[in-house]
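Now for the letters of each chain:
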Amino acid sequence: MLGEEVGAFAWRRWGMPRTQPRFPFVGEGERLAAHLERVRRAPGANRRELWAWLHTRDAAGAVLAALRSGLTGCHALNVAAPDSASDVPTAEPFARYHPTTELGAGLGTFGSAVDSSTARELIGFTAEQGWRAAST
């Protein structure tokens, strides 16, 4: 948050553009496999992150898209994988750990609860790697 506030100040004061991707857990391979196992064993420990994650290749792609976008202004963009890190349907850990949260209708069975649509709209980036469909 502090970095975002500094960026907003720099934009207001000097007109310095700033695009800040907000990443959840980032990893691939063994690092990702270990994270997914931790989430499987103790889903409540990941409740603050809303079971979101991002593949390393997608994180790099988001940064590259931001750099190439020519976007001006000051923007913070959520970027998350299309699926959750949970091995159970997304609605289940939300029902247990965030029971008052209303999930959107288009979420899907294992969809990410993190809305990355602003990254798609402003810099043309959509995360593609899901741990269920892609090799880690």
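Residues numbered from 1 in each chain as written. Predicted model: local features only at pLDDT ≥ 70, side-chain atom pairs only at ≥ 80, totals over all residues. Heavy atoms only, no water.

Visitor: When you look at helix α2 (residues 29–41) in this model, what are you seeing that I'm missing?
Guide: Residues three or four positions apart in an α-helix share a direction because the helix packs 3.6 residues into each turn. Along its 13 residues, α2 runs 18 Å from first to last C-alpha, staying within 8% of the 18 Å computed at 1.5 Å per residue. Within α2 the residues assigned to the buried category are L32, H35, L36 and V39. One side of α2 holds all its buried residues, which, seen down the axis, span an arc of 100°. Facing away from the buried side of α2 by over 90 degrees, the exposed positions are E30 and R41. (Helix = DSSP H or I, 4+ residues; strand = E, 2+ residues; numbered from the N terminus. Expected span 1.5 Å × (residues − 1). Buried < 20%, exposed > 50% of the residue type's maximum accessible area, 1.4 Å probe, protein only. Arc of directions from axis to C-beta.)

Visitor: Even after reading the chapter, I still don't get the packing of aromatic side chains, so can you show me in this structure?
Guide: Two descriptors summarise a pair of aromatic rings, namely the distance from one centre to the other and the angle between the planes of the rings. Applying the stated rule across the entire model yields 3 aromatic pairs. Ring centres 5.4 Å apart and planes at 90° place the aromatic pair F9 and W14 in the edge-to-face group. Since its relative accessible area comes to 38%, F9 is described here as partly exposed. On the basis of relative accessibility, which here comes to 56%, the residue W14 falls in the exposed class. With centroids separated by 6.0 Å and ring planes inclined at 45°, the aromatic side chains of W51 and Y97 adopt a geometry described as tilted. Of this pair, W51 sits in the loop between α2 and β3 (53–55) while Y97 sits in helix α4 (residues 91–97), placing them 46 residues apart in sequence. A connected cluster of aromatic rings, assembled from ring pairs, spans W51, F94 and Y97. (Phe/Tyr/Trp six-rings, centres within 6.5 Å; stacked < 30°, edge-to-face > 60°.)

Visitor: Just to check I follow, could you spell out the layout of surface pockets for this structure?
Guide: In this model, the largest pocket occupies a volume close to 250 Å³. Along the wall of the largest pocket there are 16 residues; nearest its centre are A80, P82, V114, S116 and R120. For the lining of the largest pocket, the class distribution of residues is 8 nonpolar, 6 polar and 2 charged. (1 Å grid on protein atoms, 1.4 Å probe; cavity = no way out; pocket = protein on both sides within 12 Å on 5 of 7 lines; lining within 4 Å. Points joined across faces, edges and corners; volume = space filled by probe spheres on them. Nonpolar A, V, L, I, M, F, W, Y, C, P; charged D, E, K, R; others polar.)

Visitor: Mind showing me how you'd approach the side chain of S84 here?
Guide: The residue S84 is located in the loop between β4 (74–78) and α4 in this model. Within polar-contact distance, the side chain of S84 engages the backbone nitrogen of S86 at 3.2 Å. Beyond its immediate stretch of four places on either side in the chain, S84 contacts W51, W53, T90, F110, G111, S112, W131 and R132. (Polar contact = N/O pair within 3.5 Å; in protein donor to acceptor, adjacent residues only side chain to side chain. Contact = heavy atoms within 4.5 Å.)

Visitor: Looking at this structure, I do not really get the nonpolar core. What am I missing?
Guide: Counting residues in hydrophobic clusters, the biggest one holds 12 residues: L54, A59, A62, A65, A66, L71, L77, V79, A119, I123, F125 and A127. Going through the elements one at a time, α3 (56–69) and α5 (117–123) are the ones with two or more residues in this core. The element that contributes the greatest number of residues to this core is α3, accounting for 4 residues. If near-sequence neighbours (up to four positions away) are discounted, A62 is found in contact with F23, V79, I123 and F125. (Core = buried A, V, L, I, M, F, W, Y, C linked by side-chain atoms within 4.5 Å.)

Visitor: Help me out: how do you make sense of a nonpolar patch on the surface in this one?
Guide: Together, F9, W14 and M16 make up a nonpolar patch on the protein surface, roughly 360 Å² of accessible area in all. By the element assignment, M16 lies in the loop between α1 (2–14) and β1 (18–22). (Patch = residues over 30% accessible without salt bridge, like charges linked within 9 Å, V, L, I, M, F, W, Y side chains within 5 Å. Areas by Shrake-Rupley, 256 points an atom, 1.4 Å probe, with all protein chains shown as cover. Salt bridge = Lys/Arg side-chain N within 4 Å of Asp/Glu carboxyl O.)

Visitor: Which parts of the structure should I look at to understand the pattern of salt bridges?
Guide: Between side chains of opposite charge, pairing is possible as soon as their charged atoms come close. Counted by the stated rule, this structure contains 4 salt bridges. Residue E4 is joined to R22 by a salt bridge in which the shortest nitrogen-to-oxygen separation is 2.7 Å. Here E4 is found in helix α1, whereas its partner R22 is found in strand β1, with 18 residues between them in sequence. When its relative accessible area of 14% is taken as the criterion, E4 is described as buried. According to the relative accessible area criterion, R22 is partly exposed, its value standing at 33%. With its nearest N and O atoms 3.7 Å apart, the salt bridge here joins E37 to R41.

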